Amino acid sequence: MKKGILAAFILTAAVAVSGCGHDEDDSSPKAASTAQTTENTTEALTTEETTTVTTTQTVSISQTETSVSTQKASESEDASQAGNADFKGLAGYWYIDGDFDKASLHIYEDGKFETFYATGAPENNGYIKYEFDEVINNYYYAMYSESGAFIMSFADDGEKEKTDIYIGNEGTPHFVKMYGEGGLGDDGKGTDEAELAYNYVGTWDCERAHLNIEDRGEGIFKAVLKWSDSAFAYAEWDYPLIFDGEKMLCDENGKYSVVEYDQETGTYHTDTISENKSAEFVMLNGEITWNDLTDHRGDGMVFRKAE
């Protein structure tokens, strides 16, 4: 997953002011009128002061017009950008820190969303608006509930296909897109293939190793493989899976950990050793073969359904 680089859209405006004139004949009616006006004004102000006042007023009006013009152009541009927001690059299923056991976020292509607790229970739902913040001079995505209450926001980092979302100024929580809209297994599979996939669900054994595969819904499955080293420690592989029609597959989303029992505290301690693991589980004659595609530990191990 890569982190995006914040892109800023800067609006600028320039105004050019120019003037022109020509000398008047002293004998013209306009010259006479000007002379009379100057004579009357001299009683209160000198000619120099009158010019200063006039010039100041002209600059003030010009600045005001420029400010209004720039503001209108900015508002028009903001409205245009916000109205053309494309949420397809955000669509998909997001999990905090890329962990399937943590809270999640589902964004639809039309900008609607749903949030879920770590247990999978619904938390909130609403819509996303693409807005402009004058303070940071950048566009951002604001998430609102159906009632219009603000929930959270994240900046537009310029990435067309986003893979990471950092909420708020502090960047927490950090959501990682684990799969696109429709689920990992949403590729038009029929009922027959769905039944084949569900044949993998359950608990399976191979000597000191135990494999559990569960259905997480939306075409998503999860495998947890535990291999005991002793009575107080075991290795654990955690794989999110999809069914590709022939086998269960994890593509660089798995992680490998070591779990040890602390006799003093009476609790288990988990250390994540490495991530980005790939594996496949192939069923043949009612048995599952585990192929570790990253480290090749236990390749060819055959698991049988637990009694």
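What you see is a predicted model; the values in this text were computed from it and never measured.

I'd like a rundown of the pairing of strand 15 (residues 287–292), residues and numbers included.
Here strand 14 (residues 267–284) runs beside strand 15; their pairing, made up of 6 bridges, is antiparallel. Pairing of M283 across the sheet is with I288, part of strand 15. Between the end of strand 14 and the start of strand 15, which pair antiparallel, lie 2 residues, with N285 showing a positive phi angle near 55°. Judged from the 3 bridges that link them, strand 15 and strand 16 (residues 301–305) form a sheet pairing that is antiparallel. Residue pairing for strand 16: W290 is matched across the bridge by M301.

How would you summarise a negative patch on the surface if you had to cite specific residues and measurements?
A cluster of acidic side chains, namely D86, E109, D110 and E161, defines a negative patch on the protein surface. Along the chain, D86 falls in the loop between helix 2 (47–83) and strand 1 (92–96).

A description of the sheet that holds strand 16 should follow, citing residues and the corresponding values.
Across a sheet, paired strands are connected by hydrogen bonds in the backbone, their directions being either parallel or antiparallel. On the basis of which strands lie adjacent, the closed barrel formed by 8 strands has the order 9-10-11-12-13-14-15-16 and antiparallel pairing. If you compare each strand with its neighbour and ignore which way they point, the axes differ by 30° on average. Examined bridge by bridge, strand 11 (residues 220–230) and strand 12 (residues 233–243) share 9 bridges and lie antiparallel to one another. In the sheet register, S230 faces strand 12, and the bridge partner there is A233.

Give a detailed account of the sheet that holds strand 3 (residues 112–116), specifying residues and quantitative values.
Strand order in the open sheet made by the 8 strands is 6-5-4-3-2-1-8-7, with antiparallel pairing throughout. Among the strands making up the open sheet, the edge pair consists of strand 6 (150–155) and strand 7 (164–166). Recorded for the sheet is a direction-independent mean angle of 30° between the axes of neighbouring strands. As judged from the 4 bridges shared by strand 2 (residues 104–107) and strand 3, these two strands associate in the antiparallel manner. Within strand 3, the position partnered with L105 by the bridge is T115.

Describe the pairing of strand 14, and please don't skip the residues or the numbers.
By the bridge criterion, 11 bridges tie strand 13 (residues 248–262) to strand 14 in an arrangement that is antiparallel. Counterpart to L249 in the pairing with strand 14 is E280. Between strand 13 and strand 14, which pair antiparallel and follow one another directly, the connecting turn spans 4 residues, one of which, G266, has a positive phi of 75°.

Here is what the cut-offs are and how they apply
Residues numbered from 1 in each chain as written. Predicted model: local features only at pLDDT ≥ 70, side-chain atom pairs only at ≥ 80, totals over all residues. Heavy atoms only, no water. Pairing = 2+ DSSP bridges. Helix = DSSP H or I, 4+ residues; strand = E, 2+ residues; numbered from the N terminus. Patch = residues over 30% accessible without salt bridge, like charges linked within 9 Å, V, L, I, M, F, W, Y side chains within 5 Å. Areas by Shrake-Rupley, 256 points an atom, 1.4 Å probe, with all protein chains shown as cover. Salt bridge = Lys/Arg side-chain N within 4 Å of Asp/Glu carboxyl O. Lys, Arg positive; Asp, Glu negative; His and termini not counted. Charge placed at Lys NZ, Arg CZ, Asp CG, Glu CD. Axes fitted to C-alpha atoms, helices over the stretch in contact; angles between N-to-C directions.

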